[in-house]
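# Results of the structural survey
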Amino acid sequence: FLSFRQFILKKMKRIIILFLVLLNGTVLFAQSNPDWKWVHPRPQGQYLNYFTMVDANTWYAAGDYGMFMKTTNAGLNWTTKTSGYQQGSYPGMGMFQNYRGGFFLNANTGFLGVQAVPGIVKTTNGGQTLDTVRILSSGQGTVYGFYFINSSTGYLAGTSTYKVMKTTDAGSTWTAVPNLAAVTYYSVYASDENNILASSESGNVYITTNAGQNWTTSNVGTAVPQLYTLKFQNASTGVVCGSNGLIRFTTNGGFNWIGTGPPTNYSLYSVAFSGNTTFIAGFLIAQSIYRTTNMGNTWDSLSY
C-alpha cells in the first residue's frame, strides 16, 4: 500500500503532466491555426489546370481546390492561396472548387473558370483578391476557357449551361452567344466580334462569321470526341488538340483541318508556337513535349 505522502505526490505528478499536455496542445493549436502550409511538395501539391506567363517574371497558375499561385521572379519564389467558390460538399471546411482554366489580360486583370458553380472568378489586382462573379441565374456548370480580343470584349466556353458567352464590360456581365448546340465547349477563339470559333466535346469545331447568327460545324477528321484546346497564331492559322493524342492544323480559319497526331495516345491540352514550330504537351505520364515544324506531317519529342 502507498503511504499518504506517496499517494499525494503521485496525484500531483499526474496533474502536472496533464497540465503540460494541455499547455503544449494549446501552443500547437495557436501555431497551426488558421493557416496551413505545404511542407512537401513545395510550394504546393494540388493538380494545376491553368498556367500563363504574363511577362518574363510574372507567372500565374491555378488548379484543384481553389489553389492559386503567383511568382514575380520567374519561379524562384511563389505565393499561394486558396479562394473562389466554397465546396458545397464540405460546408464549413474552407475547401474550394477546382479552377479549370483562365485568361490574364495583363499582370493585374485576369479571369478563372471554376468547376460546377454558377459563375467565374475575377481579379483586378494581380491575385491579391479573387472575387466571384455570378453569371447563371439558376443551376451551375463549369467554365473551361476564355479568350479576349481587347480589354473589354471577351468570350468564355463551358458546359451546356454556359456554352459560349460574351462580355463587353471586362467580365462584369455576360450574355449567351446565340444558336449554339447544347454541348460542352472547352475552348474559344475570336479574331473579332463576328468571327468566333469554339471546340467541343462532340469532336467538332463550331464557326460563325456573323456573331452567332449562323454556325458552321467543322469536323477535324477523326472520331475522337473531346477537343480540349483551340489556339490560333492569327485569324487563319491555328491548332486544335484533344483526347487520345489528337492534334490538327488549319490554315483557313478552321473550315478544314490537316496533319497527323504525335506518337501518343495520351490526351493533349497545351499548345505553344515559336515561329513555324509548334509545341504540344499533355499528361505528365507521357514525359515528353512533342514538336513539329511542318504542321503535323512529322513529329519529334523532347523528353523531361
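Residues numbered from 1 in each chain as written. Predicted model: local features only at pLDDT ≥ 70, side-chain atom pairs only at ≥ 80, totals over all residues. Heavy atoms only, no water.

## Some remarks on the side chain of T52
When you line up the elements, T52 lands in strand β1 (residues 48–53). Sequence-distant contacts of T52, defined by excluding residues within four places in its chain, comprise T58, W59, Y60 and F104. (Helix = DSSP H or I, 4+ residues; strand = E, 2+ residues; numbered from the N terminus. Contact = heavy atoms within 4.5 Å.)

## Section: the sheet that holds strand β16 (residues 216–219)
Spatial strand order, β13-β14-β15-β16: four strands in an open sheet with antiparallel pairing. Of all the strands in the sheet, just β13 (185–190) and β16 have a single pairing partner and so form its edges. If you compare each strand with its neighbour and ignore which way they point, the axes differ by 20° on average. Note that strand β14 (residues 196–200) and strand β15 (residues 204–208) share four bridges and pair antiparallel. Bridge pairing in β15 links L197 to I207. (Pairing = 2+ DSSP bridges. Axes fitted to C-alpha atoms, helices over the stretch in contact; angles between N-to-C directions.)

## Notes on the pattern of salt bridges
A complete count under the given rule lists two salt bridges for this structure. The partner of E193 in a salt bridge is K166, and the shortest N-O contact between them spans 2.5 Å. Of this pair, E193 sits in the loop between β13 and β14 while K166 sits in strand β11 (residues 164–167); the two residues are 27 residues apart in sequence, bridging distant segments of the chain. The residue D300 makes a salt bridge to R291 at a minimum N-O spacing of 3.0 Å. Since its relative accessible area comes to 27%, R291 is described here as partly exposed. (Salt bridge = Lys/Arg side-chain N within 4 Å of Asp/Glu carboxyl O. Buried < 20%, exposed > 50% of the residue type's maximum accessible area, 1.4 Å probe, protein only.)

## Digging into the pairing of strand β7 (residues 119–123)
Most of β7 sits inside the fold, with five of its five residues counted as buried. Across three bridges, strand β6 (residues 110–114) lies against β7 in antiparallel orientation. Within the sheet, the bridge partner assigned to L112 lies in β7 and is V121. Across four bridges, β7 lies against strand β8 (residues 131–134) in antiparallel orientation. Residue pairing in the sheet places K122 in a bridge with D131 of β8.

## Digging into the environment of T229
Locating T229 in the fold gives a position in strand β17 (residues 227–232). For the pair T229 and S199, spaced 30 residues apart in the sequence, the C-alpha separation amounts to 7.1 Å. If sequence neighbours within four positions are ignored, T229 has contacts with S187, S199, V239, V240, C241, Y269 and V271. A distance of 2.5 Å separates a polar side-chain atom of T229 from the backbone oxygen of Y269. (Polar contact = N/O pair within 3.5 Å; in protein donor to acceptor, adjacent residues only side chain to side chain.)

## Points about the pairing of strand β22 (residues 288–292)
The alternating pattern of β22 places S288, Y290 and T292 on a buried face and I289 and R291 on a face that is not buried. Bridge count between strand β21 (residues 277–282) and β22: three bridges; the pairing is antiparallel. In the sheet register, T278 faces β22, and the bridge partner there is T292. Here β22 runs beside strand β23 (residues 300–303); their pairing, made up of four bridges, is antiparallel. From the neighbouring strand, I289 faces β23, where its bridge partner is L302.

## A closer look at the packing of aromatic side chains
Here the structure, examined in full by the defined rule, presents 17 aromatic pairs. An angle of 15° between the planes, with centres 4.6 Å apart, marks the rings of F111 and F148 as stacked. Of this pair, F111 sits in strand β6 while F148 sits in strand β9 (residues 143–148), placing them 37 residues apart in sequence. In this structure F111 comes out as buried when scored by relative accessible area, which is 0%. The exposure class of F148 is buried, given its relative accessible area of 5%. Ring pairing ties together the aromatic residues F103, F111, F146, Y147, F148, W174, Y189 and F232, which thus form one cluster. (Phe/Tyr/Trp six-rings, centres within 6.5 Å; stacked < 30°, edge-to-face > 60°.)

## Some remarks on unusual backbone geometry
Across the chain, the bulk of peptide bonds are trans and the bulk of non-glycine residues have phi less than zero. For the bond from H40 to P41, the omega torsion is -5°, close enough to zero to count as cis. Here R42 and P43 are connected by a cis peptide whose omega angle stands at 0°. Tracing the backbone through its elements, the reader meets P43 in the loop between α1 (4–32) and β1. Look at A116: it is not a glycine, yet its phi comes out positive at around 55°.

## Some details on the environment of T251
On the secondary structure map, T251 appears in the loop between β19 (247–250) and β20 (268–274). For the pair T251 and T237, spaced 14 residues apart in sequence, the C-alpha separation works out to 4.3 Å. In this structure T251 touches S236, T237 and M295, once residues within four positions along its chain are discounted.

## Topic: the sheet that holds strand β18 (residues 238–242)
As summarised here, the arrangement of the three strands in space is β17-β18-β19, forming an open sheet in which the pairing is antiparallel. Of all strands in the sheet, those with a lone pairing partner are β17 and β19, marking the two edges. With strand direction ignored, the average angle separating the axes of adjacent strands in the sheet is 15°. As judged from the four bridges shared by β18 and β19, these two strands associate in the antiparallel manner. Looking at the pairing, C241 lines up with I247 of β19.

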